[in-house]
Amino acid sequence: MRKVAFHTLGCKVNIYETEAMQRIMSDAGYTLVDFNDRADVYIINTCSVTNIADRKSRQILHKAKKENPDSIVVAAGCYVQSGAQKLKKDCNIDIIVGNNKKKDIALIINKYFDSIYNEPDLKTADFIDDGIELKTADFTDKITGVKTDTVSDKNNKKTEVSADKTIAGIKPVFSGINNDENVIDINKKCEYEDFGVSKLGKHTRSFIKVQDGCNQFCTYCIIPYTRGRIRSRSMQSIMAEVESLAKNGYKEMVLTGIHLSSYGVDIDKKEHLLELVSRVAGVEGVERVRVGSLEPRIISDVFVSGLKKIPQFCPHFHLSLQSGCDSVLRRMNRQYDSKDFINGVEIIRKYYKNPAITTDIIVGFPGESEEEFNISREFVDKIGFYEMHIFPFSIREGTKAANMPDQLTHKEKSSRALALSEINRKNSRDFRKKYIGQMNEILSEEIIEINQKRYISGHTREYLKVAVPYFEGGLNQFIKGEIKSFLNDDILLMQPLN
């Protein structure tokens, strides 16, 4: 039985899609192994959100081939969409699979195996090197390791072929394998890629992908070009997956997507995000429902009051801000301003006492002056976020922001990130302090060790990480108690009622 290993880079949607591909490969008869173990197939679900993400994706792909030169290395996902031509020429990568083709992962890989096993000679295989085709003579496949003598180019020049079917770094293309078929033009209208999971690695919380694509075209972001236009998963498909997961013991569902706020607008305006949350919460066995990152514009009295009526909804709102300065937001092509954002926060706090509000911030966007940064810094301090994810601006080739004038230096961006980190540290601790002395409840997730003592940790509905002293059989349980103190900078200590 062939072994397959996975590695995931990037967002929660990628994590979900990796879990789905693992199920597909397992159902196809492959044995799942750890990525650090020797495998016959390595599948890397790549990220392309920044140039750095591209580089990390390449590094992991090359690491896999180095681990087992005889393995099949598969690049999947966003980096395939943005860098397909480079990946096709990379001798370390055998197969590329773009977005909206991941559901076919087992079929694509099996077709590859069939092709290389069924090559009695290389009269049907070509080697490609910048358009130069080398016609081949007899040899077998790299799985058996049988070595071929020579290949001939168009001038009948003989070249030795290694046992792994490479010629001085030139990449072979086998008959029946066409990587172009595995990468669609994602910018054209396409259907939602409907594939899912019934069981995940952790047995408490499950991510449910309900939407793909983005129509926002922020000037710093490549995602609309790698994920395509917005498309929503059908309510029927989502509910079937949620019901299956709940039956398998998952108590908490997290609804996620590339642009989650747009759920339903492309299929049926009656089936919007609020309706979806309500439907998921109504499934037997589901005791918590969370939502992923939201656009500020979705926050309204109707939306939040509707969520308040759903007992299972967890009041943790991740509102993507990016900058607290309106002039920077305009250059980013964000479709809101700081006033819109404040209004949204005030609405949330009107319906929930001490809700967790988190955000993303980019510092050092092209042309961000000292004055603009100070406006943004004062804004985030005023809001008092539970947590901020702070990102120094990173150039992404293919975006408008990459060619904007007045790019800031690494030193300037690092300095501004550090300044916001100090605010984040203080505000996050202040937010946690509000819960000390109060009764709360966690869904236990894992066993941890701090200062040589064992604890069971989990999260409250507000996504505060809380630990209780270890006891047998304490995982995947709801535990009530009083929050007593800080266990460390990131974790609160709770005394259970029982």
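To be clear, the structure that these remarks concern was listed above.
Residues numbered from 1 in each chain as written. Predicted model: local features only at pLDDT ≥ 70, side-chain atom pairs only at ≥ 80, totals over all residues. Heavy atoms only, no water.

*Asks:* Mind laying out the side chain of Thr 399, listing which residues take part and the relevant values?
*Replies:* Looking at where Thr 399 falls in the secondary structure, it is placed in the loop between strand E17 (387–392) and helix H12 (410–433). Within the structure, Thr 399 has its side chain in polar contact with the backbone oxygen of Arg 396 (distance 2.6 Å). Sequence-distant contacts of Thr 399, defined by excluding residues within four places in its chain, comprise Thr 219, Tyr 220, Cys 221 and Ile 222. (Helix = DSSP H or I, 4+ residues; strand = E, 2+ residues; numbered from the N terminus. Polar contact = N/O pair within 3.5 Å; in protein donor to acceptor, adjacent residues only side chain to side chain. Contact = heavy atoms within 4.5 Å.)

*Asks:* Give a detailed account of the packing of aromatic side chains, specifying residues and quantitative values.
*Replies:* Summed over the entire model, instances satisfying the criterion amount to 11 aromatic pairs. Ring geometry for Phe 313 versus Tyr 352: centroids 6.4 Å apart, planes at 50 degrees, classification tilted. Taken together, the positions of Phe 313 in the loop between helix H8 (301–308) and strand E15 (316–318) and Tyr 352 in the loop between helix H10 (338–351) and strand E16 (356–363) put the pair 39 residues apart, joining distant regions of the chain. The residues Phe 313 and Tyr 352 share a single accessibility class, namely buried. When the ring of Phe 341 is compared with that of Phe 385, the centres are 5.9 Å apart and the planes differ by 65 degrees; the resulting orientation is edge-to-face. (Phe/Tyr/Trp six-rings, centres within 6.5 Å; stacked < 30°, edge-to-face > 60°. Buried < 20%, exposed > 50% of the residue type's maximum accessible area, 1.4 Å probe, protein only.)

*Asks:* Break down the nonpolar core for me, citing the residues and quoting the values.
*Replies:* Judged by nonpolar contacts, the single largest core of 91 residues is most densely connected at Ile 109, Val 280, Leu 294 and Ile 299. At 7 residues, helix H4 (residues 105–117) tops the list of elements feeding residues into this core. Other than its neighbours up to four places away in sequence, Ile 109 contacts Met 25, Tyr 30, Val 41, Ile 43, Val 74 and Ile 95. Core analysis: the second largest hydrophobic core is formed by 20 residues, Leu 9, Val 73, Ala 75 and Tyr 79 among them. (Core = buried A, V, L, I, M, F, W, Y, C linked by side-chain atoms within 4.5 Å.)

*Asks:* Explain the packing of helix H2 (residues 51–67) against helix H3 (residues 78–89) to me, and be specific about the residues and the numbers.
*Replies:* In contact at an axis separation of 11 Å, H2 and H3 are set at 60 degrees when each is read in the N-to-C sense. Here H3 runs oblique to H2, going by the angle between their axes. In this structure, the crossing between H2 and H3 has a hand that is right-handed. Along its contact with H2, which presents Asp 54, Ser 57, Arg 58 and Leu 61, the element H3 presents Tyr 79, Ser 82 and Leu 87. (Axes fitted to C-alpha atoms, helices over the stretch in contact; angles between N-to-C directions. Parallel < 35°, antiparallel > 145°, perpendicular 65-115°, else oblique. Left-handed = near helix turned anticlockwise from the far one by under 90°.)

*Asks:* I'd like to hear about the pairing of strand E19 (residues 453–459), residue by residue, with values.
*Replies:* Counting buried residues along E19, 5 of its 7 residues qualify, which places the element largely inside the surrounding structure. Relative to E19, strand E18 (residues 439–450) is paired through 7 bridges, and the arrangement is antiparallel. In the sheet register, Ile 450 faces E19, and the bridge partner there is Lys 453. Counting the residues that bridge the hairpin from E19 to strand E20 (residues 465–469) gives 5 residues, and of these Tyr 463 lies at a positive phi of roughly 70 degrees. (Pairing = 2+ DSSP bridges.)

*Asks:* Explain the sheet that holds E19 to me, using residue names and the numbers behind them.
*Replies:* Read once around its circumference, the closed barrel built from 5 strands follows the order E18-E19-E20-E22-E21, with strand pairing classed as mixed. Averaged over all pairs of adjacent strands, the angle between their axes in this sheet comes to 50 degrees, without regard to strand direction. Relative to strand E22 (residues 492–496), E20 runs parallel, the two sharing 2 bridges. Bridge pairing links Val 466 to Leu 492 in E22.

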